[in-house]
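Breakdown of the fold
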Amino acid sequence: MAHRRTRPRHRRSRPQIGAEAAALFDVRLDALRHLDDTVGAGQVYDAAVLELRLVSDLLKNASYSEATGRRLFASAAEASRLAGWCAYDEGRHAAAERHFVASLRASGSAHDPTLGAVTLAFWANLRYNADDPHGALHLLDGALADRRKISSPRVKAMLHARAARAHSKAGEPLPTWRQIDAAFDAYAKAEAPEADLASMYWINHGELHQVAASSALSLGEPRRALEDFRAALTHADPYDTDREARGAVIYQAREAEAHLALGDIDAALDLGHQVIHTMGGIDSARTTGTLEGLRGQLTSHRHIPAVADFLNYAA
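Thresholds applied
Residues numbered from 1 in each chain as written. Predicted model: local features only at pLDDT ≥ 70, side-chain atom pairs only at ≥ 80, totals over all residues. Heavy atoms only, no water. 1 Å grid on protein atoms, 1.4 Å probe; cavity = no way out; pocket = protein on both sides within 12 Å on 5 of 7 lines; lining within 4 Å. Points joined across faces, edges and corners; volume = space filled by probe spheres on them. Helix = DSSP H or I, 4+ residues; strand = E, 2+ residues; numbered from the N terminus. Nonpolar A, V, L, I, M, F, W, Y, C, P; charged D, E, K, R; others polar. Buried < 20%, exposed > 50% of the residue type's maximum accessible area, 1.4 Å probe, protein only. Contact = heavy atoms within 4.5 Å. Salt bridge = Lys/Arg side-chain N within 4 Å of Asp/Glu carboxyl O. Axes fitted to C-alpha atoms, helices over the stretch in contact; angles between N-to-C directions. Parallel < 35°, antiparallel > 145°, perpendicular 65-115°, else oblique. Left-handed = near helix turned anticlockwise from the far one by under 90°. Phe/Tyr/Trp six-rings, centres within 6.5 Å; stacked < 30°, edge-to-face > 60°. Lys NZ or Arg CZ within 6 Å of the ring centre and 35° of its normal.

Now for the layout of surface pockets. Of the volumes computed, that of the largest pocket is approximately 940 Å³. As for the largest pocket, its lining consists of 40 residues, and the residues nearest its centre are Asn-125, Asn-129, Ile-250, Arg-254 and Arg-286. The greatest single-element share of the lining of the largest pocket, amounting to 6 residues, is contributed by helix α11 (residues 245–261). Each residue belonging to the lining of the largest pocket can be placed in one class, and the counts come to 16 nonpolar, 10 polar and 14 charged. What the second largest pocket holds in volume is close to 350 Å³. Around the second largest pocket, the lining is made up of 14 residues, and of these Asp-26, Ala-74, Asp-112, Leu-115 and Leu-197 lie nearest the centre. If you list the elements that add at least two residues to the lining of the second largest pocket, you get α1 (19–39) and α3 (66–89). Among the elements that take part in the lining of the second largest pocket, α3 stands out by supplying 5 residues, more than any other. Among the residues forming the lining of the second largest pocket, the class breakdown is 6 nonpolar, 2 polar and 6 charged.

This part is about the environment of Leu-197. Along the chain, Leu-197 falls in the loop between α8 (173–188) and α9 (205–218). Owing to a relative accessible area of 24%, Leu-197 belongs among the partly exposed residues under this scheme. When the C-alpha positions of Leu-197 and Gln-179 are compared, they lie 21 Å apart, and in sequence the two are 18 residues distant. The contacts of Leu-197, once residues within four sequence positions are left out, are Thr-114, Val-118, Ser-152 and Val-155.

We now examine the pattern of salt bridges. Taken as a whole, this structure holds 17 salt bridges when the rule is applied. The salt bridge involving Arg-33 is made with Asp-30; its shortest N-O contact spans 3.2 Å. Of the two residues, Arg-33 and Asp-30 are both situated in helix α1; the distance of 3 residues between them amounts to about one turn of the helix. Classification of Asp-30 as partly exposed rests on a relative accessible area of 25%. One salt bridge connects Asp-132 with Arg-127, and the closest N-O pair in it is separated by 3.8 Å.

In contact at an axis separation of 9 Å, α1 and helix α2 (residues 41–61) are set at 165° when each is read in the N-to-C sense. Here α1 is positioned roughly antiparallel relative to α2, judged by the angle of their axes. Relative to α2, α1 is oriented so that their crossing is left-handed. Across from Phe-25, Arg-28, Leu-29, Leu-32, Leu-35, Asp-36 and Val-39 in α1, the residues of α2 making contact are Ala-41, Gln-43, Val-44, Ala-47, Ala-48, Glu-51, Leu-54, Val-55 and Leu-58.

To describe a pair of aromatic rings, you give the distance between the ring centres and the angle between the ring planes. For the structure on display, the rule yields 5 aromatic pairs. With centroids separated by 6.2 Å and ring planes inclined at 70°, the aromatic side chains of Phe-122 and Trp-202 adopt a geometry described as edge-to-face. Placement of Phe-122 in helix α5 (residues 113–129) and of Trp-202 in the loop between α8 and α9 is noted, with a sequence separation of 80 residues between them. You'll find Phe-122 and Trp-202 in the same group, each marked buried. Pairwise contacts between aromatic rings join Trp-85, Tyr-88, Phe-122 and Trp-202 into one cluster. Lying across the ring of Phe-122, Arg-81 places its NZ or CZ 4.3 Å from the centre. Lying over the aromatic face of Trp-177, Arg-224 brings its terminal NZ or CZ to 3.5 Å of the ring centre.

What follows is the structure, given as structure tokens:
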């Protein structure tokens, strides 16, 4: 019996990925970061997860040099970090922590301690806002212990700023102000934003003053808080309220709380109305929670007609 010849099966060759393709992820992730500023976390979360799937598929199934592989792992770390941030902004803390863990692993594979420090700083933000300031400090201590390996002055400034917030949430004034001073000192060494890590475009003097103000408020120092809230907007390097509406809402609400603590109800209400106007269609668990906190503090003044009107309007 004649034997039928079978054709040999040809394996699909693994696609070769070079530096050009890796650079495209940098562009796409930068666009997602800025979209998060404008359209909110809900839509960007899905996009970040898809980006992570794409780069993960390439890491598993493509061929690339060692240098390109590190860039791909760095992209995976940033996509995971961004997904974690968006999940946190939506109030999904467990999902956020899973993404932060994945980001840390990818940054380790990228051999990039700066990226790992960024992830730890965002993870710490989640922890101290979830009433776990000492858990946040544990994360930040690990990053700051290796700060000599961190290439970005803005990342160092962010780490110190997040440590200040954690200490303030724990009711620890002396370490809070030491960390605030360290944040400004680190930022003084920063060069132009384009010479720094692309994801750190939002770190400036205005942001650091907002952190100082929020820390003062947490420590029961409303006058000091108001000084820094004003400095955040009047500094030559000010906080950009147009770029990041969610952050502006949170800081306006905190400024209103500082006025309320000093008994200036009219100023608090003026800022409360600004908060509602700025929120617009923002869908963010963080901003909603901040407004609820302000409403809660105003409740004891409900006997004042203007306060009652605001509480009804903001309900």
